[in-house]
Amino acid sequence: RLTLPTNIAGMAEVEVKQEPPAKKVKIEAGSDLKNAEALLLSECKKHPQWIAPQDQTSMAPPKDYAEHTLDGNKALENLDKGMLGQAVQNLLKRSRLVIVNHPKGGRFLRYVSEEVAQQQVERFGGLTTNELLVYQKIEEAKTKGLFHRDLKSRTGITNPNTIRTIIEKLMKRKLIKDFTSVHTGKKKMYILAELEPSAELTGGNWYTQGELDMDLVETSSKLALHFFKSRGRKGGSISEVRDFIKAKGVITCDLTVEEVLQLVETLLYDSKIERLITDDKQIPAEERTFRLLNPPSVSLDHYSTIPSAVCPDALAGFPVQPADCPYFEYWLGL
């Protein structure tokens, strides 16, 4: 019993009864494992990114979540450690929990709903630990993909034949697919089946199976030039050029803004069009404007018009004097 004295005269002492400490309820090994699994799932759902897996002691948990490891979580501290470890393993096998890399370092247990878990079981059921590891590394690469050698170094699987067998199995189950990069020739890279490689690797619409589609480039370039000819000195934006090409229905692919910009800049370098705003780097690509460049009214190819360069007598080797050359006299009179 704690007695709190008062400094005010005449006020009675306040007595506060101290509650006895709560007894820790420990679930023994023979208790219901499902209760431990349910509690663990509840905590992982309640604290996303907070629960670090007990079997990853070599991986330091994020500093912000250090108190929320399996050992530090208040709701889980009374569970039998052996049963808690078994609950983790069971939920991982049933895909109700997955181990994920934390953005701040370390790893954590991520809650998965029963519906999503069932889908995961249907997709990944029967895969070995190494097969799941290869899949996970390809998944982490996202749209950048991975080479065979990347998988070897990132998974720690040193036998190249093992990697090759795993890749074949994952491709057969349509979990991953291969593709080639325009930067590496025919060397295959691997990506998740539901993703598409980044345009930086594939070259976008201009490339098919790693080869430049010259027909597409030439056709698109002609359409872009036709647009500027139809607009004259008024010109138009990249967005308008893109809409014009799409409306013609000549090409089947949908060119991106960046791809149309590449087309237009090619016309610019060929001196067929000009910028309406000289310094447009700060303007969004789709809003940059160009217009047809008028050809010079006088030919700039002076050498080809000089009489001595086109004179049939001079070309035949006969001596010719400028003073009595009729072609020279005509040229000076232009």
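Our subject is the structure that appears above.
Small disclaimer: the values here were computed from a predicted structure and weren't measured.

Undergrad: I keep staring at the overall build of the protein and nothing clicks. Help me out?
TA: For the protein, the helix and strand inventory stands at 13 helices and eleven strands. Counted over contacts in the protein with a minimum sequence separation of 6, partners at least 24 positions apart contribute 49%. Here the protein has roughly 21,900 Å² of accessible surface; of this, 53% comes from carbon and sulfur atoms.

Undergrad: Is there a simple way to think about unusual backbone geometry in this case?
TA: Most of the time, phi is negative for any residue but glycine, and the peptide bond is trans. For Lys142, which is not glycine, the phi torsion reads 55° and is therefore positive. Of note in the backbone geometry, Ser271 takes a positive phi value of approximately 60° without being a glycine. Position of Ser271 among the secondary structure elements: in the loop between helix 10 (257-269) and strand 10 (273-275).

Undergrad: Is there a simple way to think about the packing of aromatic side chains in this case?
TA: The geometry of an aromatic ring pair is captured by the separation of the ring centres together with the interplanar angle, meaning the angle of the planes. Applying the stated rule across the entire model yields three aromatic pairs. Between Phe227 and Phe228, the ring centres sit 5.2 Å apart and the planes meet at 75°, which makes this aromatic pair edge-to-face. Neither residue differs from the other here; Phe227 and Phe228 are each classed as buried. It is Arg149 that lies over the ring of Phe147; its NZ or CZ is 4.7 Å from the centre.

Undergrad: Help me out: how do you make sense of the packing of helix 4 (residues 129-141) against helix 6 (residues 160-172) in this one?
TA: Helices that pack against each other are described as a pair by the angle of their axes relative to one another and the distance between those axes. It is the contact of helix 4 with helix 6, at a shortest axis distance of 10 Å, that shows an interaxial angle of 75°. Judged by the inter-axis angle, helix 4 sits roughly perpendicular to helix 6. Of the residues in helix 6, those in contact with Asn130, Glu131, Val134 and Tyr135 of helix 4 are Ile163, Ile166, Lys169 and Leu170. Broken down by class, the residue content of the contact of helix 4 with helix 6 amounts to five nonpolar, one polar and two charged.

Undergrad: What is the right way to read the nonpolar core from this model?
TA: Note that soluble globular proteins tend to have their nonpolar side chains buried in a common cluster. In terms of nonpolar packing, the biggest core is built from 23 residues, with Phe228, Val241, Ile245, Leu255, Val264, Ile273 and Phe290 touching the most fellow members. Sorting the residues of this core by element identifies helix 8 (214-231), helix 9 (238-248), helix 10 and strand 11 (289-292) as the ones contributing at least two each. In this structure Ile245 touches Ser220, Leu223, Ala224, Ile251, Leu255 and Leu263, once residues within four positions along its chain are discounted. One finds Phe124, Ile157, Ile166 and Tyr190 within the second-largest nonpolar core, a separate group that totals 17 residues.

Undergrad: What should I look at first to understand the pattern of salt bridges in this one?
TA: One side chain can pair with another of opposite charge once the charged atoms of both are near each other. One pass over the structure, following the stated rule, counts twelve salt bridges. Ionic pairing is found between Glu37 and Arg94, a salt bridge with its closest N-O pair at 3.1 Å. Separated by 57 residues along the polypeptide, Glu37 in helix 1 (residues 33-46) and Arg94 in the loop between helix 2 (81-93) and strand 3 (97-101) bring together distant segments of the chain. Accessibility expressed as a relative area gives 7% for Glu37, which makes it buried. Two residues, Asp254 and Arg242, come together in a salt bridge whose shortest N-O distance is 3.5 Å. With a gap of twelve residues between them, Asp254 in the loop between helix 9 and helix 10 and Arg242 in helix 9 connect regions that are remote in the sequence. Given the relative accessible area of 41%, Asp254 is considered partly exposed.

Undergrad: Teacher, can you tell me more about the sheet that holds strand 10 here?
TA: Read across the sheet, three strands follow the order 9-11-10 without closing on themselves; strand pairing throughout is antiparallel. Single-partner strands in this sheet number two, and they are strand 9 (236-237) and strand 10. For strand 9 and strand 11, the ladder comprises two bridges, and the chain directions are antiparallel. Residue Gly236 lies in a different strand from strand 11, and its bridge partner there is Phe290. The sheet strands contacting helix 8 are strand 9, strand 10 and strand 11, and the helix crosses strand 11 at an angle near 75°. The strands touched by helix 10 are strand 10 and strand 11; relative to strand 10, the strand with the most contacts, the crossing angle is about 105°.

Undergrad: Help me understand the environment of Phe228 in this model?
TA: Tracing the backbone through its elements, the reader meets Phe228 in helix 8. Those residues in contact with Phe228 that sit more than four places away from it in its chain are Gly236, Val241, Val264, Leu267, Ile273, Phe290, Arg291 and Leu292.

Undergrad: Help me understand the packing of helix 9 against helix 10 in this model?
TA: Relative to each other, helix 9 and helix 10 sit at 100°, their axes nearing to 9 Å. Comparing the axis directions of helix 9 and helix 10 gives the class roughly perpendicular. Contact residues: Ile238, Val241, Arg242 and Ile245 in helix 9; Val257, Val260, Leu261, Leu263 and Val264 in helix 10. Split by residue class, the contact of helix 9 with helix 10 holds eight nonpolar, no polar and one charged.

Undergrad: Is there a simple way to explain the side chain of Ser221 in this structure?
TA: Note on placement: Ser221 falls in helix 8. Among residues more than four places away in sequence, those in contact with Ser221 are Leu263 and Leu267.

Undergrad: What am I meant to see in the pairing of strand 6 (residues 188-192) here?
TA: Within a regular beta strand, the side chains point alternately toward one face of the sheet and then the other, so they alternate between its two faces. Most of strand 6 sits out of view: four of its five residues are buried. Bridging between strand 5 (residues 176-180) and strand 6 involves five bridges; their strand directions are antiparallel. Each residue of the ladder has a partner; that of Ile176, found in strand 6, is Leu192.

Undergrad: Please clarify how the side chain of Ser181 should be interpreted in this entry.
TA: Mapped onto the secondary structure, Ser181 falls in the loop between strand 5 and strand 6. Classification of Ser181 as buried rests on a relative accessible area of 1%. Among the polar contacts listed, one links the side chain of Ser181 to the backbone nitrogen of His183, at a separation of 3.1 Å. Among residues more than four places away in sequence, those in contact with Ser181 are Lys187, Met189 and Leu201.

What counts, and where the lines are drawn
Residues numbered from 1 in each chain as written. Predicted model: local features only at pLDDT ≥ 70, side-chain atom pairs only at ≥ 80, totals over all residues. Heavy atoms only, no water. Helix = DSSP H or I, 4+ residues; strand = E, 2+ residues; numbered from the N terminus. Contact = heavy atoms within 4.5 Å. Areas by Shrake-Rupley, 256 points an atom, 1.4 Å probe, with all protein chains shown as cover. Phe/Tyr/Trp six-rings, centres within 6.5 Å; stacked < 30°, edge-to-face > 60°. Buried < 20%, exposed > 50% of the residue type's maximum accessible area, 1.4 Å probe, protein only. Lys NZ or Arg CZ within 6 Å of the ring centre and 35° of its normal. Axes fitted to C-alpha atoms, helices over the stretch in contact; angles between N-to-C directions. Parallel < 35°, antiparallel > 145°, perpendicular 65-115°, else oblique. Nonpolar A, V, L, I, M, F, W, Y, C, P; charged D, E, K, R; others polar. Core = buried A, V, L, I, M, F, W, Y, C linked by side-chain atoms within 4.5 Å. Salt bridge = Lys/Arg side-chain N within 4 Å of Asp/Glu carboxyl O. Pairing = 2+ DSSP bridges. Polar contact = N/O pair within 3.5 Å; in protein donor to acceptor, adjacent residues only side chain to side chain.

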